[in-house]
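Analysis of the macromolecular model
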Amino acid sequence: IAHLHDYFNEQTLNHPIQVISMAGRDITADALQQYQPDVLLIRSVTQIDAKLLDTNQSVKFIGSATIGTDHVNEGYVSLRGMRFANAAGCSKHSVAQYVMSAILQLRPEYWASNTSQSDKPVKLGIIGLGNIGSTLARYALDLGWEVLGYDPFQSASVINNASVDKVLAQSDVISLHVPLTLTGHSELPTYHMIDADALAKMPSTTMLINTSRGAVVSEADLLADLNQNPERQVVLDVFENEPTVSAELLDKLTIATPHIAGYTLEGKLRGTQMIFDAFVRSYGE
Ligand code: NAD
């Protein structure tokens, strides 16, 4: 938020625009009432819903400098005639690099896996082949790994799509790159997509990495799986009830990070610039 505040302040210096930072405080309906902003700039912590916007008449544009949009009720925002922009793809390289770093730290032998003819190639399963998933696929293909992808909504991709069961059963590592979608909002919701059934299809040697959204994985089912298969390596950057994390689960994870996979200077800068460009397109120079 400090980055958004400084950048917008700098860019709008000679315009009659006041940029107020609410960093460290919640944006509440009361705060909107007090400041009457025309524009709201947020990252993923602020929930944009009917409760926040119902009594507000001033906001015309909401910009979220994030890839994910599950914290924004976009249907309601558009119903109220407000414009919305997010920053699709802004930190795709950061997240893909986080995943590659985690894999190579935990399995350094994969680095050289393509140099010996006798080695069977590493099989990386990628669920969700959008901006991040396809960037990760390119990195993996460059290392000579085999990529098994699953994304029923992508036809033209750098890799061929496999069935989800094949990805679950045959991958050495599975990395999740889907948006969080709920029943009723998508024909194939991703909420708890990795549950007891899915985990049962993954050999206990298969590593699971989730940098997408916490609730794509059922944490209760994951905990039960880890109790049964303590050798499974699990890397989580996102959690079901962020910022609250179950201590019992945390204890069993191989790597746990606090939602920072996309949090690089480059990613933040690109996200902020994308939101600024969308703001200029909405308001003119
Ligand atoms: P994207 O929209 O470019 O790609 C998502 C892909 O998931 C799409 O191709 C879509 O077709 C696919 N998909 C949707 N439902 C699916 C399903 N049921 N099964 C399989 N595939 C499905 O998004 P992205 O930029 O690649 O981001 C992916 C995720 O990463 C998002 O959840 C985003 O919020 C998260 N993210 C996390 C961080 C972090 O810091 N941890 C940073 C950036 C983004």
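Preceding this section is the structure that the text describes.
Heads up: these notes are all about the structure in this document. Given the structure is predicted, the values throughout are model-derived calculations rather than measurements.

1. Some remarks on helix α1 (residues 2-11)
Of all the positions in α1, only Leu4, Tyr7 and Phe8 are classed as buried. Down the axis of α1, the smallest arc covering the buried residues is 95°, so these residues share one side. At its buried positions, α1 is contacted by β1 (39-42) and α11 (265-283).

2. As for the environment of Leu176
Secondary-structure assignment places Leu176 in strand β6 (residues 173-176). Sequence spacing of Leu176 and Thr66 is 110 residues, and the spatial spacing of their C-alpha atoms is 17 Å. Once you skip the residues sitting within four places of it in the chain, Leu176 turns out to touch Ile127, Ile194, Leu208, Ile209, Asn210, Thr211, Ser212, Val216 and Val217.

3. Some points on the environment of Pro179
Relative to the elements of secondary structure, Pro179 occurs in the loop between β6 and α8 (196-201). For Pro179, a relative accessible area of 55% translates into the label exposed. Along the chain, Pro179 and Arg213 lie 34 residues apart, while their C-alpha atoms are 6.9 Å from each other. Those residues in contact with Pro179 that lie beyond four places of it in its chain are Thr190 and Val216.

4. Section: the pattern of salt bridges
One pass over the structure, following the stated rule, counts five salt bridges. The salt bridge partner of Asp38 is Lys60, with a shortest N-O separation of 2.8 Å. Of this pair, Asp38 sits in the loop between α2 (29-35) and β1 while Lys60 sits in the loop between α3 (50-53) and β2 (61-64); the two residues are 22 residues apart in sequence, bridging distant segments of the chain. Residue Arg213 is joined to Asp70 by a salt bridge in which the shortest nitrogen-to-oxygen separation is 2.9 Å. Highlighted residues: Arg213 in the loop between β7 (207-210) and α9 (219-228) and Asp70 in the loop between β2 and α4 (74-79), separated in sequence by 143 residues. With a relative accessible area of 14%, Arg213 lands in the buried category.

Parameters at a glance
- Residues numbered from 1 in each chain as written.
- Predicted model: local features only at pLDDT ≥ 70, side-chain atom pairs only at ≥ 80, totals over all residues.
- Heavy atoms only, no water.
- Buried < 20%, exposed > 50% of the residue type's maximum accessible area, 1.4 Å probe, protein only.
- Helix = DSSP H or I, 4+ residues; strand = E, 2+ residues; numbered from the N terminus.
- Arc of directions from axis to C-beta.
- Contact = heavy atoms within 4.5 Å.
- Salt bridge = Lys/Arg side-chain N within 4 Å of Asp/Glu carboxyl O.

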